[in-house]
Amino acid sequence: MRHSWPEDTQFTRVVLEVEDNVCTVCGAALHICDHRRHRIFTLQGPVEVVCKLAHCSDRQCAAHAKTRSPYAETALTLPWWLIGWDVFCWVGHRRFARHWSVPQIRSELADTYQIPLSADAIEDAVRRYQTMLAARQQDPQVVAAAYRNVAALVLSIDGLQPEKGHETLYVVRELNAKRIWFAEALLSSSADEVRRLLIQARAWATRLGLPVHLWLSDKQDAFVTGIAAEFPGVPHRYCVNHFLRDLAKPMLEADSHAKVTMRRKVRGLRAIEREVLQQRRRIAGETPAVAPARRPLLLHHRRTSWPRPYPSRPTRLRMLVRLCWITVALCVAYSMTIRADRSNRPAYAWRRPWETFGLRSNATWMPTVMAARTLNSSAWPPVSTEAWPMYKRNTRSSVSTCKSSSVSRPR
Ligand SMILES: [Zn+2]
């Protein structure tokens, strides 16, 4: 389906002309007969490619009816494509190198490059990219270049079923250059079908002109017979992974059997456990139940049987000592509270222990003093910020207390 471009789309116009000026048949000059406009998305924005089409000017020439278009167009995009090569490669790279999903690619194209492609269009591009990549990977020249420094081939074949009921994908790999040669999904794993792949592998090895030193596969009959027939004399080693898995099979079966036997033997264990629990509950019911069945947090007993009726005398003493320690710790912590009293004493200062209980400190009285100073600021001299000693404890009202303090010890 053709893409309908919005009216206000700003295109970058690229005009291309036919590379040759003269007809290759008669040598006459080429005439421009038409223009073809091809609009595409690129990563740099929408582009309108204007191709000037030409044909031979001589009506008698055999090439007169043949229209020629500029080759340079294929360097930007292919005919009927909506995207340029840059977008195409971007999509393929994100899909196969980064393993992005199609919706993710679609969102990124729309957000970053403002290219509104549908999921179908991206899937098409991905499929084309895959085909091109496979063709490139299997290109004889590329393969020959990859095997320039390889002396011999070690081939392997294996089948993988993505899901149950799906076709099995057979993959032939070469292990010295670590290269996947080709892969094909086969409907059946019959010897004839598999042999076709082995024949293809032999053709590849022949084309490369390299000897096959080893074949590696599992012990599937089709592989064993096929490799022996197509590669006579080539050693065929069984895959270590498959070998170990097969080796472990009898062990797994024996283990499973042992588990069943063990369960059968200890089947009555639950009934015994229940009986023991009931016995314990009966014993607990006979003793004076002060403590509940739950283990108390503070108590630590040497006895292991539960529930314990009442804490013993040494335990109670230990609890008392612990309670005293906790009280002392709380007092010390309270003494260390921050005292910010707007004075030239450091804001972080230790509260004196008697201040904790006697509430005798300038910080305690400060709000009242400040209120009084606001009422009659001229009458009040500056307030001392030093704490009072304990023997000067005053029982009068707060305002008068502070007044006498400031008068007796002016700054
Ligand atoms: Zn001509």
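For the structure given in this document, a descriptive report is provided here. (Residues numbered from 1 in each chain as written. Predicted model: local features only at pLDDT ≥ 70, side-chain atom pairs only at ≥ 80, totals over all residues.)

1. Here we look at the overall build of the protein
1) Next: A tally of regular secondary structure across the protein gives 13 helices and eight strands.
2) Next: With 411 residues in all, the protein has 12% of them scored as buried.
3) Next: For the protein, the proportion of contacts with a sequence separation of at least 24, taken over those separated by at least 6, is 51%. (Helix = DSSP H or I, 4+ residues; strand = E, 2+ residues; numbered from the N terminus. Buried ≥ 20, exposed ≤ 12 C-beta atoms within 10 Å, placed from the backbone. Contact = placed C-beta atoms within 7 Å.)

2. With respect to the sheet that holds strand β4 (residues 153-160)
1) Next: The five strands are arranged β6-β5-β4-β7-β8 in an open sheet whose pairing can be described as mixed. Either end of the sheet is taken by a strand with one partner, and the two such strands are β6 (179-186) and β8 (236-238). The average undirected angle you get between the axes of adjacent strands in this sheet is 20°.
2) Next: Note that β4 and strand β7 (residues 212-217) share four bridges and pair parallel. Within β7, the residue paired with Val 154 across the bridge is Leu 214.
3) Next: Sitting on the sheet, helix α6 (residues 191-208) touches β4, β5 (168-174), β6 and β7, and the angle it makes with β6 is about 155°. (Pairing = 2+ DSSP bridges. Axes fitted to C-alpha atoms, helices over the stretch in contact; angles between N-to-C directions.)

3. Notes on the nonpolar core
One broad trend across soluble globular proteins is that nonpolar side chains are buried collectively.
1) Next: Formed by 17 residues in total, the largest nonpolar core has its most connected members in Leu 155, Val 194, Leu 197 and Ala 201.
2) Next: Of all the secondary structure elements, the ones that give two or more residues to this core are β4, α6, β7 and α7 (221-230).
3) Next: Those residues in contact with Leu 155, other than ones at most four positions away along the chain, are Val 172, Glu 174, Ala 201, Val 212 and Trp 215.
4) Next: Counting 15 residues, the second-largest nonpolar core is a separate cluster that includes Val 87, Ile 105, Ile 115 and Ile 122. (Core = buried A, V, L, I, M, F, W, Y, C linked by C-beta atoms within 7 Å.)

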